[in-house]
Amino acid sequence: MAQRAIVMTQSTYFGTGATVFYTQAVNSTGQVLRAVVFNNDTVARVITLYKVPSGGSPGASNTIMAGTGGRLLPKQSAVIDVLAGAALDPGDTIQGLADAATVVTFNMSGYLNT
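Criteria and thresholds
- Residues numbered from 1 in each chain as written.
- Predicted model: local features only at pLDDT ≥ 70, side-chain atom pairs only at ≥ 80, totals over all residues.
- Heavy atoms only, no water.
- Helix = DSSP H or I, 4+ residues; strand = E, 2+ residues; numbered from the N terminus.
- Buried < 20%, exposed > 50% of the residue type's maximum accessible area, 1.4 Å probe, protein only.
- Contact = heavy atoms within 4.5 Å.
- Phe/Tyr/Trp six-rings, centres within 6.5 Å; stacked < 30°, edge-to-face > 60°.
- Pairing = 2+ DSSP bridges.

Novice: Break down unusual backbone geometry for me, with residues and values.
Specialist: Its identity is not glycine, yet Ser11 carries a phi of approximately 50°, on the positive side. Take Ser11: it is sitting in strand S1 (residues 3–13). A relative accessible area of 46% places Ser11 in the partly exposed class. Even without being glycine, Thr102 reaches a positive phi, approximately 55°.

Novice: So, the environment of Thr114: which residues are in play, and what are the values?
Specialist: Following the sequence through the fold, Thr114 ends up in the segment after strand S10 (104–113). Relative accessible area serves as the criterion here: at 48%, Thr114 is assigned to the partly exposed category. For the pair Thr114 and Arg4, spaced 110 residues apart in sequence, the C-alpha separation works out to 8.7 Å. If near-sequence neighbours (up to four positions away) are discounted, Thr114 is found in contact with Met1, Ala2 and Ser28.

Novice: Describe the packing of aromatic side chains, with residues and values.
Specialist: Centre-to-centre distance and the angle between the planes together describe a pair of aromatic rings. All told, the structure shown has three aromatic pairs when counted by the stated rule. Summarising the aromatic geometry, the rings of Phe14 and Phe21 are spaced 4.8 Å apart at their centres and angled 70° between planes, so their arrangement reads as edge-to-face. For Phe14, a relative accessible area of 1% translates into the label buried. Measuring from ring centre to ring centre gives 6.1 Å for Phe14 and Phe106, while their planes differ by 90°; the resulting arrangement is edge-to-face.

Novice: Any details on the pairing of strand S9 (residues 93–98)? Residues and values, ideally.
Specialist: Two faces make up the sheet, and in a regular strand the side chains alternate between them. For S9, the tally of buried residues reaches five of six residues, placing the bulk of the element in the interior. Both strand S2 (residues 19–23) and S9 contribute to a ladder of four bridges, which runs antiparallel. Of the residues in S9, the one forming a bridge with Tyr22 is Ile94. Where strand S4 (residues 45–52) lies against S9, six bridges are found, and the strand directions are antiparallel. From the neighbouring strand, Tyr50 faces S9, where its bridge partner is Gln95.

Pasting the structure below:
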């Protein structure tokens, strides 16, 4: 099995509904190395992040960050420690939403195993 470092998603905006940031290819596995969010707004924003298994939907059972744990101050960036090291099986997705669209960005890098 070969492993290589990749940018999984770069400067993708959150929407107010669940946005798919990354889908693991069906013929590979992955591992998140680092995920970072940035609030480009002038007011605080709240985000919710999900690690959704293949064929699943975002919901309470696969929420990894929500509520005040996902609160970002204006112009604040934050490393999402809870995603670091997360294993991704074929078809798994990382999804998220925010309380306002197109003001918070998501970046994630990791390893692709083929």
